[in-house]
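Structural features, examined
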Amino acid sequence: MVQRVAVVGAGVSGLACIKICVDEGLEPVCFESSDDIGGLWNFKDSPEPQRSSIYRSLVANTSKEMMCFSDFPMPDDYPNYTHNSLLMKYYRLYAEHFHLLRFINFLMKVTSVTQSPDFSQSGQWEVVTINKNGDEERHIFDAVLVCSGHFTQPVLPLSDFKGHETFCGTFLHSWDYKNPDAYRGKKVVIVGIGNSGGDLAVEISRSAEKTFLSTREGAWVIGRKSRNGLPLDMVGITRFNNLLIKHFPGTLVNWVVEGALNNKCDHKLYGLKPKHRALDKRLLINDDLPDRILQGGLVMKPNIREFKTSGVVFEDGTTEEDIDAIVFCTGYSATIPFLPSALSEGAYGELILYKKLFPPTLQHPTLAIVGILQAKGPIMPIVEMQARWAVKVFSGLSRLPSKEKMLGVIEAERNYPCPRQAAVQVDYVSYMDFMAKEVGAKPRLLRLLLTDPVLWTKVVFGPCTPYQYRLTGSGQWAGARRAILTQWGRVYKPFRTRMVAEPAATKDTNTANLHTSFHFFYQMY
């Protein structure tokens, strides 16, 4: 019987896992290699090897009501999109409120997680750690939750580019970047147009003499604001919208969304238009990128063909001379070095996981790898739900399919435009509902309609906030209903710093979502 659970890492995922283990009567023991909680969101002035690293100005791309823990709303005076320093304060509040720090062993690095000699009978794992004095310790656990993240091993693809050995400028990865001070008055090329690439291109362009953004494919760009200046995800990520997207032809949905995005910024004119359709991959969330192009501070360029001694040649044949720095925003390797190599058998060396969580080939399902995914929505509620499901599986209260069925599901889910992203990409509402059903926490919509129609309206047509998964079943939270009914009040609170007379009549936020089937896409964008 599972009782003692190792939690590797005390970032967002690790904190959620500790709390869920305690809620379910298990004994968590967390190992954190640094001296503090927060993981990715704990800003450091200098990057530290084998740890996540963020830049000083980083602001979340998902709003506070969508990304909070499901039974612990963020303070109502927090801005809707929070700076990393405020997120750290929130995580400290969470850890203190639920008394999680007592379970964390700081400055303890996990170097190995392997099956115990009697794994076939016990399902136990041997975890090897090194403390701050360099002393090695071995521990036996009934189960392991890996929460070390996948932003610790940057990919710097210099070998893909001819002439990089003789280039006189500097190379670095976004993992190394902290602020734009070093690029003041210089000419800089940013490589890659993910969210980090967009952020760094905008920020550096305000200090550098000239900034170029090089991309192989381009991207569909959207800001954080939706209609009336409300948070994009609070308007766009609803059960009703998710239903419409599933039932309308994909070609039609993409056409409508692309039309709305181009109405704000002609992606072809701005050099942004990608090869893929808008909803085939994640949108690039950036409020300022089109403006920097419009103002001439940022210049779009195709992929780099080769480096010269002091310049860069792009695939369209154009050359930019006197380049001082190249900043690669080219992602990270999703491998986890302390795990058995047999778990990373994907075509690109990626982890093979059933539903982005469980290795399908283990004789006993006592290992779960949390947070190795990307979503068109907030990550925090997902990793919390992953923890809830994993602990149920460890305890025998939820059962996984056979190995053959799990491998079949993994193969079927590879149907994604980018093969590498297929291993980590999920649809937010569908994935959350699947896991919630496994733990008995999926909202009972028909029952809600019959017994609480006001709440049903908020759940179906309003934002799919994490509180919905605390309304019923295992892990039910008495404050979930109230949190849903008051969520828009917390959205409005930080705006109310200057009193303005209310209009004679206001439109209910949820009712405003009930327009024609096609017009809702324009509401999102």
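Look a little higher up for the structure.
Residues numbered from 1 in each chain as written. Predicted model: local features only at pLDDT ≥ 70, side-chain atom pairs only at ≥ 80, totals over all residues. Heavy atoms only, no water.

1. Focus on the sheet that holds strand β3 (residues 104-106)
With parallel pairing, the 5 strands of this open sheet are ordered in space as β3-β2-β1-β7-β18. The sheet terminates laterally at β3 and β18 (367-369), the two strands that pair on one side only. Adjacent strand axes in the sheet meet at a mean angle of 15°, parallel and antiparallel pairs treated alike. In the sheet, strand β1 (residues 4-8) pairs with strand β7 (residues 143-146) via 4 bridges, with the strands oriented parallel. In the strand pairing of β7, Ala6 is matched with Val144. (Pairing = 2+ DSSP bridges. Helix = DSSP H or I, 4+ residues; strand = E, 2+ residues; numbered from the N terminus. Axes fitted to C-alpha atoms, helices over the stretch in contact; angles between N-to-C directions.)

2. Describing a nonpolar patch on the surface
Together, Leu101, Phe106 and Leu107 line one region of the surface with nonpolar side chains, adding up to about 220 Å² of accessible area. With respect to the element layout, Leu101 can be found in the loop between α3 (84-97) and β3. Residue classification places Leu101 among the partly exposed residues on the basis of a relative accessible area of 41%. (Patch = residues over 30% accessible without salt bridge, like charges linked within 9 Å, V, L, I, M, F, W, Y side chains within 5 Å. Areas by Shrake-Rupley, 256 points an atom, 1.4 Å probe, with all protein chains shown as cover. Salt bridge = Lys/Arg side-chain N within 4 Å of Asp/Glu carboxyl O. Buried < 20%, exposed > 50% of the residue type's maximum accessible area, 1.4 Å probe, protein only.)

3. A closer look at the packing of aromatic side chains
Taken as a whole and judged by the stated rule, the model has 25 aromatic pairs. Ring geometry for Tyr94 versus Phe98: centroids 5.1 Å apart, planes at 65°, classification edge-to-face. Classification of Tyr94 as buried rests on a relative accessible area of 0%. Each member of the aromatic cluster is reached from another via a ring pair, and the members are Phe69, Phe72, Tyr90, Tyr91, Tyr94 and Phe98. Taking NZ or CZ as reference, Lys19 lies 4.6 Å from the ring centre of Phe98, over its face. Here the basic side chain of Arg224 rests over the ring of Tyr81, its NZ or CZ set 5.7 Å away from the ring centre. (Phe/Tyr/Trp six-rings, centres within 6.5 Å; stacked < 30°, edge-to-face > 60°. Lys NZ or Arg CZ within 6 Å of the ring centre and 35° of its normal.)

4. Regarding the pairing of strand β17 (residues 325-328)
Across the two faces of β17 the burial is the same, with Ala325 and Val327 and Ile326 and Phe328 all buried. One ladder, built from 4 bridges, connects strand β8 (residues 170-173) with β17; its direction is parallel. Looking at the pairing, Phe171 lines up with Ile326 of β17. The pairing of strand β9 (residues 187-191) with β17 spans 4 bridges and is classified as parallel.

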